[in-house]
Amino acid sequence: MPRVLHTAQALVDVVVEVPALPPPGGNTNATSETRYAGGAVTILVAAARTGARAVHGGAHGTGPNGDLVRAVLAADGVAVSAAPRPGSDTGSCLVFVEPAAQRSFVTIYGAEREITAASLNALAPEPGDLLCVSGYSLFDPTREPLLEFLETLPDGVEVVLDPGEPFASFDREVQDRVLERTTVWTSNADEARALTGLDAPEDTPEALRRRIGSHAAVIVRDGERGCIVFHHGRGTEIPAFPQQAVDTNGAGDTHTGVLLAERALGADWESAATRANAAAAIAVTRKGPESAPTRAEVDAFLA
């Protein structure tokens, strides 16, 4: 069975619930603080809970944050391909959550940025594997090691680009080096708009596919509208399952993890996206980025 592999950063999310973000120079009192393993962890855990084999190939540290990341991955059977980096700990991301489930982020770098092309090669991708790449890995110092690794991949490895907010801001040359190896694009509607310059989400998948190439599959999420799957020259709207959200943190990553796991298990893109929409709907009703449902929970939800 193909595997779901991830090259990006595994961080510790320090989730702080606040009544509202303070103005510059102001103050507010948090109502709670919780630590979760996040970043690439959310996608990999979602994939593993769906039933796929999942492996993390990013760097991780030797302190308490690294310990938490490894413990959470191990609990769901996710393997790690690289040894811990001695002398430094995994970084963290401060996630400020407001009552309407809106999130703001402050990231602190750590050992997760200490990748090399050789350390990523320990993933040993094989044809059919689904290899995840994050736009957040295209900042220095992880950019060049990642690009070097991508350019040596064997034919047949599915490179899945999760562009994140920053991808559209990178130089065209950097974008092209990534897109030349990309076979699957999965993003939210804002990220698709940013790269294409188009306002209507339904117009972006075809434009993205023209930019990437006719071989690509494009998935664009649009919140309560569901997502659009575009491949083989046609687009299909996959409806969502709207829920009352208590925390949207990790919902997009849950969608990606389940989508790729279903593909690894043999589903077509439309069926995979339907189950991914259901999983994301469940995830927003739970707090924290480790909210991905199991396969049985998705089955029960859809039933």
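This text gives an overview of the structure that appears in the document.

1. Re the pattern of salt bridges
Pairing between side chains becomes possible if they bear opposite charge and their charged atoms approach one another.
Then, number 1: Counted under the stated rule, the structure contains 16 salt bridges.
Then, number 2: Of the charged contacts in the structure, one is a salt bridge between aspartate 67 and arginine 70, with a shortest N-O distance of 2.7 Å. Highlighted residues: aspartate 67 and arginine 70, both in helix α2 (residues 64–75), separated by three residues, approximately one helical turn.
Then, number 3: Judged by relative accessible area, which is 42%, aspartate 67 ranks as partly exposed.

2. Concerning the side chain of arginine 85
Then, number 1: Checked against the element boundaries, arginine 85 lands in the loop between β5 (79–80) and β6 (92–97).
Then, number 2: Despite being buried, arginine 85 has no salt bridge partner; glutamate 114 is the closest side chain of opposite charge, sitting 4.4 Å away.
Then, number 3: Polar contacts involving the side chain of arginine 85 include one to the main-chain carbonyl oxygen of alanine 83, which spans 3.2 Å.
Then, number 4: At a separation of 3.0 Å, a polar atom in the side chain of arginine 85 contacts the main-chain carbonyl oxygen of glutamate 114.
Then, number 5: Discounting residues that sit within four places of it in the chain, arginine 85 has contacts with Ala59, His60, Gly61, Thr62, Ala111, Glu114, Ile115 and Ser119.

3. Some details on the side chain of threonine 142
Then, number 1: Mapping threonine 142 onto the fold places it in the loop between β8 (130–134) and α4 (143–150).
Then, number 2: Within the structure, threonine 142 has its side chain in polar contact with the backbone oxygen of phenylalanine 139 (distance 3.0 Å).
Then, number 3: Leaving out residues up to four positions away in the same chain, threonine 142 has contacts with Gln9, Glu112, Arg113, Ile115, Tyr136 and Ser137.

4. Some thoughts on the sheet that holds strand β3 (residues 32–39)
Then, number 1: Read across the sheet, four strands follow the order β3-β2-β6-β7 without closing on themselves; strand pairing throughout is mixed. One side of each edge strand has no neighbouring strand; the edge strands of this open sheet are β3 and β7 (103–108). For this sheet the average axis-to-axis angle between neighbouring strands, irrespective of direction, equals 25°.
Then, number 2: Note: β6 against β7, six bridges, orientation antiparallel. Bridge pairing in β7 places phenylalanine 96 opposite serine 104.

5. Structural notes on helix α8 (residues 251–264)
Then, number 1: An ideal rise of 1.5 Å per residue puts 20 Å on 14 residues; α8 measures up with 20 Å between its terminal C-alpha atoms.
Then, number 2: Where α8 is concerned, the buried positions are Ala251, Thr254, His255, Thr256, Gly257, Val258, Leu259, Leu260, Ala261, Glu262 and Ala264.

6. Some remarks on the packing of aromatic side chains
What characterises a pair of aromatic rings is the spacing of the ring centres plus the angle enclosed by the ring planes.
Then, number 1: Across all of its chains, the model carries three aromatic pairs by this definition.
Then, number 2: On the numbers, 6.1 Å between centres and 80° between planes, the contact of phenylalanine 167 with tryptophan 185 is edge-to-face. Pair noted here: phenylalanine 167 is in the loop between β9 (158–162) and α5 (172–179) and tryptophan 185 is in strand β10 (residues 184–188), with a separation of 18 residues, a long-range link. Each of the two residues, phenylalanine 167 as well as tryptophan 185, counts as buried.
Then, number 3: Taking 5.4 Å as the distance between ring centres and 85° as the angle between the ring planes, the aromatic pair formed by phenylalanine 241 and phenylalanine 301 counts as edge-to-face. Of the two residues, phenylalanine 241 sits in the loop between β13 (234–238) and α8 while phenylalanine 301 sits in helix α10 (residues 295–302), which places them 60 residues apart along the sequence.

7. Side note on the sheet that holds strand β1 (residues 3–6)
Then, number 1: Pairing is mixed across the open sheet formed by nine strands, whose spatial order is β5-β4-β1-β8-β9-β10-β11-β12-β13. Strands at the two margins of the open sheet, each flanked by one partner only, are β5 and β13.
Then, number 2: Pairing analysis gives two bridges linking β9 to β10, with the strands arranged parallel. Of the residues in β10, the one forming a bridge with valine 160 is valine 184.
Then, number 3: Packed onto the sheet, helix α6 (residues 189–196) meets β10 and β11 (217–221) and runs at close to 115° relative to β10.

Quick notes on the rules
Residues numbered from 1 in each chain as written. Predicted model: local features only at pLDDT ≥ 70, side-chain atom pairs only at ≥ 80, totals over all residues. Heavy atoms only, no water. Salt bridge = Lys/Arg side-chain N within 4 Å of Asp/Glu carboxyl O. Helix = DSSP H or I, 4+ residues; strand = E, 2+ residues; numbered from the N terminus. Buried < 20%, exposed > 50% of the residue type's maximum accessible area, 1.4 Å probe, protein only. Lys, Arg positive; Asp, Glu negative; His and termini not counted. Polar contact = N/O pair within 3.5 Å; in protein donor to acceptor, adjacent residues only side chain to side chain. Contact = heavy atoms within 4.5 Å. Pairing = 2+ DSSP bridges. Axes fitted to C-alpha atoms, helices over the stretch in contact; angles between N-to-C directions. Expected span 1.5 Å × (residues − 1). Phe/Tyr/Trp six-rings, centres within 6.5 Å; stacked < 30°, edge-to-face > 60°.

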